[in-house]
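Now for the letters of each chain:
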Amino acid sequence: MRSNDTGRPQAPSVTVIGLGPMGRAMAAAFLDRGYEVTLWNRTASRADDLVARGARFAAGVGEALAANEVVVLSLTDYAAMYEVLEPAAASLDGRVLVNLSSDTPEQARAAARWAAERGAVQLTGGVTVPPSGVGQPASSTFYSGPREVFEAHRPLLEVVTGRTDYRGEDPGTAALLYQIGMVMFWTSMLSYWQAVALARANGLTAADVLEHATETANSLPGFFAFYAERIDAGRHDGDVDRLAMAMASVEHVLHTNSAAGVDTTLPAAVAALVRRGMDAGHATDSLSALVDLMGTTAPA
Ligand code: NDP
């Protein structure tokens, strides 16, 4: 919060750079909470609704950086961050960059070093919700970076998502946790597209299979909990499921898809992974034996 000459407390303020669906939702959440919001985006028109609500669109990146100590970055990736910030690097001194852009843990660490060399500090964030979840009390973001910076700006961070999950000083950790979620998100969503493509090839609509798809997805957390305990104990007993069973089953899936004339990239990749476990001698072990194999790259 900034002070003014009258002694009255001024509204808290923030800069948001990057106005894709996420950045726009964040800027809107800050406006909802009475923040003075300064914006910059490569495509200026994306700010129109927010400016109509009282946000200020900076004439340039340097001006956007100069306007506030805390600068929220919501860009496609870190390459975009360098493209945006490099030309205005002289204005980075003293800034807190809350970088909510997705990228690899190594990119996040490199960017934290890059920021430090220019007098700024980076808090890495991984937002776990889509734009509709931004500003919601139950939504959550992973953060990592300097703890005192996180603590000092926690109220501002809690505007983005009601819950903030601080995971330590390493700026790569929040990015890693985000990517752990995203590997599941992307493969799960693609598995859903696959299921719908297969349904449609057989005359069923997405609506026809929605309940079945939802029940299948909802059954997964029970499997996660069951296997997590065994995996951490190094146990892959085939008492409940055996890889040989999985091999037969994933081939049924592959053949059902190929018979329907739909793309088989995804089911074929699944079958290849299970085949790798069979070739390594795990036929009578649990499907979870694949975790150990997947911890290394496949032999060429
Ligand atoms: P978008 O990719 O749609 O937009 C991000 C912004 O990046 C846009 O404002 C775009 O500018 C800008 N940008 C991209 N490349 C450049 C560049 N080379 N130079 C300048 N500006 C650039 O992303 P989202 O808003 O959907 O998401 C933002 C981040 O949050 C991403 O890293 C995403 O992975 C992550 N995320 C997204 C979620 C979602 O559901 N959408 C959920 C959780 C995290 P312009 O408007 O000019 O194109």
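Here the structure is a predicted model, which is why all the values come from computation and not from measurement. Counting of residues starts from 1 at the beginning of each chain's written sequence and follows it residue by residue. With the structure being a predicted model, the display of local features is reserved for residues of pLDDT at least 70 and the display and counting of side-chain atom pairs for 80 or more, all residues being used for whole-chain, interface and lining totals. Excluded from the side-chain calculations are hydrogens and water; all other atoms, namely the structure's heavy atoms, are used.

1. Remarks on the packing of helix 10 (residues 243-260) against helix 11 (residues 265-279)
The relative placement of two packed helices is expressed as an angle between their axes plus a distance between the axes. Between N-to-C directions, angles cover 0 to 180 degrees, with each direction set by a line fitted to C-alpha atoms, over the stretch in contact for helices. Put simply, DSSP marks the helices as runs of H or I at least four residues long and the strands as runs of E at least two long, and each gets a number from the N terminus on. The interhelical angle for the contact between helix 10 and helix 11, taken along N-to-C directions, is 160°, at an axis separation of 9 Å. Taken together, helix 10 and helix 11 sit at an angle that is classed as roughly antiparallel. In this structure, helix 10 crosses over helix 11, and the sense of that crossing is left-handed. Taken together, the residues of helix 11 that come into contact with helix 10 (itself represented by Leu243, Ala244, Ala246, Met247, Val250, Glu251, Val253, Leu254 and Asn257) are Pro267, Ala268, Val270, Ala271, Val274, Arg275, Gly277 and Met278. Just so you know how the angles are binned, under 35 degrees is roughly parallel, over 145 roughly antiparallel, 65 to 115 roughly perpendicular, and the rest oblique. Crossings are sorted by hand: turned counterclockwise from the far helix by less than a right angle, the near helix makes the crossing left-handed, and turned clockwise it makes it right-handed. Whether two residues are in contact is decided by their heavy atoms: any pair within 4.5 Å suffices.

2. Looking at the domain arrangement of the protein
Each domain span listed reflects an automatic or database assignment of domains. In terms of domain boundaries, the protein breaks down into domain 1 (2-169) and domain 2 (202-294). Each of domain 1 and domain 2 was reduced to a C-alpha centroid, and the two centroids are 40 Å apart.

3. A short note on the nonpolar core
Residues enter a nonpolar core if they are buried and are Ala, Val, Leu, Ile, Met, Phe, Trp, Tyr or Cys, with the set joined through side-chain atoms within 4.5 Å. Burial here depends on accessible area, computed with a 1.4 Å probe over protein chains only, as a share of the maximum for the residue type. Under 20% is buried, over 50% is exposed, and the range in between is partly exposed. Judged by nonpolar contacts, the single largest core of 33 residues is most densely connected at Phe30, Val37, Leu39 and Val72. Of all the secondary-structure elements, those providing two or more residues to this core are strand 1 (13-17), helix 1 (21-32), strand 2 (36-40), strand 4 (70-73), strand 5 (96-99), strand 6 (121-127), helix 6 (147-152) and helix 7 (154-160). No other element matches the 7 residues that helix 1 contributes to this core. Non-local contacts of valine 37, meaning those with residues more than four positions away in its chain, are made with Val14, Val16, Ala27, Phe30, Leu31, Ala55 and Arg56. Formed by 25 residues, the second largest nonpolar core is a distinct cluster that contains Ala64, Leu73, Leu75 and Ala120.

4. What about the sheet that holds strand 2?
The strands that make up a sheet are held in pairs by hydrogen bonds between backbone atoms, and each pair lies either parallel or antiparallel. One bridge is not enough; two strands pair if DSSP finds at least two bridges between them. The strand order 3-2-1-4-5-6-7-8 describes an open sheet built from 8 strands, whose pairing is mixed. Lying at the two open borders of the sheet, with one neighbouring strand each, are strand 3 (56-57) and strand 8 (163-166). Bridge count between strand 4 and strand 5: 4 bridges; the pairing is parallel. For valine 72, the partnering residue across the bridge sits in strand 5 and is valine 98. Contacting strand 5 and strand 6, helix 5 (residues 105-117) runs over the sheet at an angle of about 150° to strand 6.

5. Considering the packing of aromatic side chains
When the centres of two rings from Phe, Tyr and Trp lie within 6.5 Å, Trp using its six-membered ring, the rings pair. Their planes under 30 degrees apart give stacked, over 60 give edge-to-face, and anything left gives tilted. As enumerated under the stated definition, the model contains 7 aromatic pairs in all. Ring centres of tyrosine 82 and tryptophan 114 lie 5.1 Å apart, and the angle between their planes is 85°; this geometry places the pair in the edge-to-face category. Of this pair, tyrosine 82 sits in helix 4 (residues 78-85) while tryptophan 114 sits in helix 5, and the two are 32 residues apart along the sequence. Residue classification places tryptophan 114 among the buried residues on the basis of a relative accessible area of 8%. Taking the centre distance of 5.1 Å and the plane angle of 70° together, the rings of phenylalanine 185 and tryptophan 186 count as edge-to-face. Taking relative accessible area as the criterion, phenylalanine 185 reaches 38% and is therefore assigned partly exposed. A residue is classified by how much of its surface remains accessible, and tryptophan 186, at 52% relative accessible area, is exposed. Taken together, Tyr143, Phe150 and Tyr166 form an aromatic cluster joined through their ring pairs.

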